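Each chain, letter by letter, is given below.
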Amino acid sequence: MKRGRMAMLTSRPRGTNDILPGDVERWQYIEALAHELCRNWCYGELRTPVFEHTELFLRGVGDATDIVEKEMYTFQDKGGRSLTLRPEGTAPAARAYLENRLQAGPQPVKLYYIGPMFRHDRPQAGRFRQFHQFGAEIFGAAAPAADAEIITLAMEFYRSLDITGLELHLNSVGCPMCRQVLRERLRRYFEARMDGLCPHCRGRLERNPLRLLDCKEAGCREAGAGAPTPLDCLCDECRAHFAEVRRTLDIVGVSYVIDPRLVRGLDYYTRTAFEILAAGVGAQSAVGGGGRYDGLVRTVGGPGVPGVGVALGLERTLLLLAQQHPEVGGRRPPDAFLATAGNTWETATALLVTLRRSGVACDHDYTGRSLKAQMKHAGRLGARFVVIVGEDEAARGAATVRDMESGRQEEVALNGLAPYLRQRLAEKRPDFPGDPKMEVW
Ligand code: HAM
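Predicted model only: the values in this text are computed from it and were never measured.

1. Some details on helix α16 (residues 417-428)
With 12 residues, α16 ought to run about 16 Å at 1.5 Å a step, and its terminal C-alpha atoms sit 16 Å apart, in line with that. What α16 keeps buried is the set Leu-417, Ala-418, Tyr-420, Leu-421, Arg-422, Arg-424 and Leu-425. Packing partners of the buried residues in α16 comprise β12 (336-341), α13 (345-357), β14 (385-390), β15 (398-403) and β16 (409-413).

2. Thoughts on the site of the ligand
Taken together, 26 residues lie around the ligand, and Glu-88, Thr-90, Phe-128, Glu-137 and Tyr-269 are the ones closest in. With respect to the ligand, the backbone of Gly-288 contributes an N or O atom lying 3.2 Å from an oxygen atom. Backbone polar atom of Gly-309 to a nitrogen atom of the ligand: 3.5 Å apart, as the coordinates give it. For the ligand, whose free accessible area comes to 660 Å², the fraction covered by protein is 95%. Of all the secondary-structure elements, those providing two or more residues to the shell around the ligand are β6 (130-139), β10 (286-292) and β11 (307-313).

3. Comments concerning the pairing of strand β4 (residues 82-85)
Pairing analysis gives three bridges linking strand β2 (residues 51-53) to β4, with the strands arranged antiparallel. The partner of Phe-51 across the bridge, within β4, is Leu-85. In terms of strand pairing, strand β3 (residues 73-76) meets β4 through four bridges, oriented antiparallel. The residue bridging Phe-75 from the neighbouring strand is Leu-83, located in β4. Connecting β3 to the antiparallel partner β4 that follows it, the hairpin turn spans five residues, and Gly-80 within it adopts a positive phi of roughly 80°.

4. A closer look at helix α7 (residues 176-191)
Over its 16 residues, α7 runs 22 Å from end to end, which matches the ideal 22 Å to within 8%, given 1.5 Å per residue. Taken together, the buried positions of α7 are occupied by Cys-178, Arg-179, Leu-182, Leu-186, Arg-187, Tyr-189 and Phe-190. Relative to the axis of α7, the buried residues are bounded by an arc of 165° and lie together on one face. Seen from the buried face of α7, the exposed residues on the opposite side, beyond 90 degrees, are Met-177 and Arg-188. The inward-facing, buried residues of α7 abut α9 (218-223), α10 (236-252) and β9 (270-278).

5. Quick look at the pattern of salt bridges
Throughout the structure, instances matching the rule amount to 29 salt bridges. The residue Glu-99 makes a salt bridge to Arg-95 at a minimum N-O spacing of 3.0 Å. Placement of both Glu-99 and Arg-95 in helix α5 (residues 90-99) is noted, with a separation of four residues, approximately one turn of the helix. You can call Glu-99 exposed: its relative accessible area is 56%. Residue Glu-156 is joined to Arg-159 by a salt bridge in which the shortest nitrogen-to-oxygen separation is 3.0 Å. In this pair, Glu-156 and Arg-159 are both assigned in helix α6 (residues 144-160), three residues apart and thus about one turn of the helix distant. Its relative accessible area of 60% is what places Arg-159 among the exposed residues. Salt bridges sharing common partners tie together Asp-403, Glu-405, Arg-408, Glu-410, Arg-424, Glu-427 and Lys-428.

Cut-offs and rules
- Residues numbered from 1 in each chain as written.
- Predicted model: local features only at pLDDT ≥ 70, side-chain atom pairs only at ≥ 80, totals over all residues.
- Heavy atoms only, no water.
- Helix = DSSP H or I, 4+ residues; strand = E, 2+ residues; numbered from the N terminus.
- Expected span 1.5 Å × (residues − 1).
- Buried < 20%, exposed > 50% of the residue type's maximum accessible area, 1.4 Å probe, protein only.
- Contact = heavy atoms within 4.5 Å.
- Near = heavy atom within 4 Å.
- Polar contact = N/O pair within 3.5 Å; in protein donor to acceptor, adjacent residues only side chain to side chain.
- Areas by Shrake-Rupley, 256 points an atom, 1.4 Å probe, with all protein chains shown as cover.
- Pairing = 2+ DSSP bridges.
- Arc of directions from axis to C-beta.
- Salt bridge = Lys/Arg side-chain N within 4 Å of Asp/Glu carboxyl O.

Rendered as structure tokens:
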């Protein structure tokens, strides 16, 4: 018991991750790309709470979905309200759209978000209980151009990361009328084949027969081999909408595979549904998914505002990035390490602030190490330069700069040290900002 308790203190909950320096740079890199992409595509960033009223997801995501039935982190707060850690970002975005009266402004409203989501799923490679999504949503646009834009935006994100080998699977699940037809046909079809179905599918045949189309159990796959698909049941408008989405994707050069059995795990989809699949992210091959949800805003209590969106899993994206571009990221070493010799503490302390303020990433010793030990420490940190402030140099208003790569040393006046280092760093590191805002010490 005691050991179990101690283990709880020193291990994180299952299915969660610590992201440490050295890894976090890759996160910062893809997040920066996502922000830049959305700025260019004119999406505004939305930040919603990580928990919402449980009811939002029951209604929005659908109470017959795996997410709501099995995967939500739901708890009662001290006021007795039922709250849920958000399992996804679309229902919260719809809630925020309504609550902040965004429908009163110019339409459509284009939003994006980056943040943690929570699902009590069985953890495995690429599947976590706390994971992160980059999502984008358009509210107030019914046209196929919006569906195509969302899909293109997602593919463009991967293009900017230079991630290849992705496959876009595309389908239309139709409008509620098409779905009514499909549901009936599926029920009839599978009722005649009940014996082959897994217990889960037998249970959901009445409530959610669409999900039987993408059950991974061998028996269900076999039983469903000749089942009607959403594409077989599309009404004329849904068919035309789907054709227009495909035509637009063709124009912008986004390739896709029509996947008639693709049905998504969330109930709000109408018409367009898609998934972006990749090999090499474990059993979970979907790096992203999305679609149109024309009924969602009404379901969560608003007017009939159409919408379409996508969410991309960042952990899975990072797995692909690490596989395809291992050179990206990594911890950035200090530009300079400030070493003191003798009683130069005051000079060094002031110099440190000056250097840091002028954009030179500068570290120093906190523990009273000898000069030799400081040099060794600077080497372990990978510092490019060591600035040695010794008593004699300090008295002359200077410091010795050692290039850790070549071992060359040079005395530099303190009042010219920041520009000197910036110049030398710019020569070493092409990404070092040019035209520095230089302070004179
Ligand atoms: P979703 O398909 O449930 O859609 O999730 C989107 C992506 O999030 C998945 O393709 C996957 O990459 C990632 N993901 C989901 N669950 C996990 C997990 N347990 N561990 C790691 N990654 C995971 C949605 O969430 C919809 N809100 C997408 C959307 C936006 N539809 C319209 N707008």
